[in-house]
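# Fold and contact review
Chain by chain, the residues run as shown.
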Amino acid sequence: LLLLLPIRLLPIISMFVSMVVANAKQTMPLYRVMNFNQLSSLRTATRSFLSHVGPPSSVKTEVEHGPPPPRRALLYLPGHDERKVKKAAALDVDCICLDMEDAVAENKKEEARQGIVHFLHSMSFGRSDVAVRVNSVTTPHIYNDLKAVLTAPKLPNTVVLPKVDTPEQLEWFFEASAHIAQEFKAENPKEHHKYKQKLRLITQVESGLGLMNLRKICELDNLMYFASEVYSHEAVIVGGDDLAADLGGTRTTSNMELLYARQHTIAVVKAFEMQAIDLVNIRFNELDALRDEAIEGAQWGFDGKQVIHPNQVPIVQNAFTPSKEKLEWAVGVLTAFKEKNEEGTGAFAYSGDMIDMPTVKQCENIYKLGVVAGMLEKNDGILL
């Protein structure tokens, strides 16, 4: 096997050298001038080589900084609008997302970058998870976005990457971010602890191709050789208008045109024990419809929902929070199950309901929602 390794390395070495020669006159790092076809070819050759060394294995068993924070409502704000950001900082919202992408016009991108860097270190956002949404990797803005965010005096808690269609795009994002971080540490040795704790990462699926590749995208950060040095991928947002446009659908108030996309996202994302965040409702004045939509999302298994207006926040967060009565019932079922299980009893009756294992697992989900909502303290002894 050892004798064969140099032979198997030849395609990788040859491809890499050809890329370097082709881009020799470029002054920017190689990862910035490699296109996705080149990157994909290099990755294919690398995977072929690694398959002979040993299969990829899972390297991430638990997020280094604990479980994901609650993101019942994820509120987008234009990164260049100080008035809106200041107003949002006073809200009791789970996640504030300072946006460089859709909420910002092309001629305001640099202003948004500078504004976000300023807001991160000059404002207090309370208990909120503070996220920054960069532009997609297919835009000319991505490098400057990453440079601004990753070298800011204060880092955000979370980075949101939109329009992820393939695992190769996510690999490029991982590599570019790692390069910027390493470069910063080399130039600022006194700040070598800056990236000691990984940033949380949320990706967005907004196309048919992204839906098709969602499993590979979610899997990437869990695999040896490909896991990110900078991020911990812990949530996926399902797109609404962009996804419908890509599929050739027409947006309706029922959201039926996105039925499969939403349920497929939940199934794949939950298989990797990640958060699934539902689509946005752009009709921000129709609060009754928003409430029904949010309740539906919570019943399906989504962990939260995107919002674009402060008035949407309490309605959405309430929809993803179990009622006090529901939580008390779930705790009662879990407690009774533990007692019955010790007695060797299978299914049992509780408050007029027949309880079996699927019901117990649903009660566990309700209990966990209560914990993240701050309605009770976590007690591992009550769980399976």
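Cut-offs used in this document
- Residues numbered from 1 in each chain as written.
- Predicted model: local features only at pLDDT ≥ 70, side-chain atom pairs only at ≥ 80, totals over all residues.
- Heavy atoms only, no water.
- Core = buried A, V, L, I, M, F, W, Y, C linked by side-chain atoms within 4.5 Å.
- Buried < 20%, exposed > 50% of the residue type's maximum accessible area, 1.4 Å probe, protein only.
- Helix = DSSP H or I, 4+ residues; strand = E, 2+ residues; numbered from the N terminus.
- Contact = heavy atoms within 4.5 Å.
- Expected span 1.5 Å × (residues − 1).
- pLDDT = per-residue confidence, 0-100.
- Phe/Tyr/Trp six-rings, centres within 6.5 Å; stacked < 30°, edge-to-face > 60°.
- Lys NZ or Arg CZ within 6 Å of the ring centre and 35° of its normal.
- Axes fitted to C-alpha atoms, helices over the stretch in contact; angles between N-to-C directions.
- Parallel < 35°, antiparallel > 145°, perpendicular 65-115°, else oblique.
- Left-handed = near helix turned anticlockwise from the far one by under 90°.
- Salt bridge = Lys/Arg side-chain N within 4 Å of Asp/Glu carboxyl O.

### Describing the nonpolar core
What tends to happen in soluble globular proteins is that the nonpolar side chains get buried as a cluster. Of all hydrophobic cores here, the largest spans 71 residues; its most connected members are L98, L170, F173 and Y231. Here this core takes 9 residues from helix α7 (residues 167-187), the largest share from any one element. The contacts of L98, once residues within four sequence positions are left out, are L77, V85, I116, F119, L120, V130, A131, V132 and R133. By size, the runner-up hydrophobic cluster in this structure holds 14 residues, among which are V333, F348, I355 and C363.

### Things to note about helix α14 (residues 324-343)
The end-to-end C-alpha distance of α14 is 29 Å, a good match for the 28 Å that 20 residues give at a rise of 1.5 Å each. Where α14 is concerned, the buried positions are L327, A330, G332, V333, L334, A336 and F337. For α14, the elements touching its buried residues are β9 (348-350), β10 (353-355) and α15 (357-372). G344 sits one or two positions beyond α14 and adopts a positive phi of about 85°.

### Things to note about the confidence of the model for the protein chain
Averaged over every residue, the pLDDT of the protein chain is 86; residues scoring 70 or more account for 83%. When the criterion is pLDDT under 50, residues 24-34 qualifies, and its contacts beyond four places in sequence or with other chains add up to 20 contacts. pLDDT under 50 marks residues 49-63. Its contacts with residues more than four places away, or in other chains, come to 29 contacts.

### Considering the packing of aromatic side chains
Enumeration according to the criterion identifies 4 aromatic pairs in this entry. Centroid distance F173 to Y231: 4.9 Å. Interplanar angle 20°. Geometry classified as stacked. With F173 in helix α7 and Y231 in strand β6 (residues 231-238), this residue pair connects regions lying 58 residues apart in the sequence. Residue class for Y231 comes out buried when judged on its relative accessible area of 0%. Plain terms: the ring middles of F184 and Y195 are 6.1 Å apart, the flat faces sit at 85° to each other, and that makes the pair edge-to-face. In this pair, F184 is assigned in helix α7 and Y195 in the loop between α7 and β5 (199-205), connecting sequence segments 11 residues apart. Taken together, the ring pairs in this structure connect F173, F174 and Y231 into an aromatic cluster. The ring of Y76 carries R133 above its face, with NZ or CZ at 4.3 Å from the centroid.

### Let's talk about the side chain of H141
By the element assignment, H141 lies in the loop between β3 (129-133) and α6 (142-150). You can call H141 buried: its relative accessible area is 13%. For H141, the residues in contact, after removing those within four places along its chain, are E106, K109, R113 and N135.

### Focus on the packing of helix α12 (residues 287-300) against helix α13 (residues 312-319)
At a minimum axis distance of 8 Å, the contact between α12 and α13 shows a crossing angle of 30°. One element, α12, and the other, α13, form an angle in the roughly parallel class. When you trace α12 past α13, the crossing you get is right-handed. Counting all contacts with α12, which are made through L287, L290, R291, A294, I295 and A298, the residues of α13 involved are Q312, I315, V316 and A319.

### Observations concerning the pattern of salt bridges
Going through the model one piece at a time under the given rule, you end up with 26 salt bridges. In this structure, E101 and R133 form a salt bridge, with 3.3 Å as the shortest nitrogen-oxygen distance. Here R133 lies in strand β3 and E101 lies in the loop between β2 (95-99) and α5 (109-122), a separation of 32 residues in the sequence. The class of E101 is buried, set by a relative accessible area of 6%. Residue R133 is classed as buried on the basis of its relative accessible area of 5%. Note that K270 and D303 form a salt bridge whose closest N and O atoms lie 3.5 Å from each other. Of this pair, K270 sits in helix α11 (residues 259-271) while D303 sits in the loop between α12 and β8 (304-307), and the two are 33 residues apart along the sequence. Under the relative-accessibility criterion, K270 is labelled partly exposed at 32%. Sharing partners across several salt bridges, the network here consists of D99, E101, D102, R133, K163, E206 and D242.

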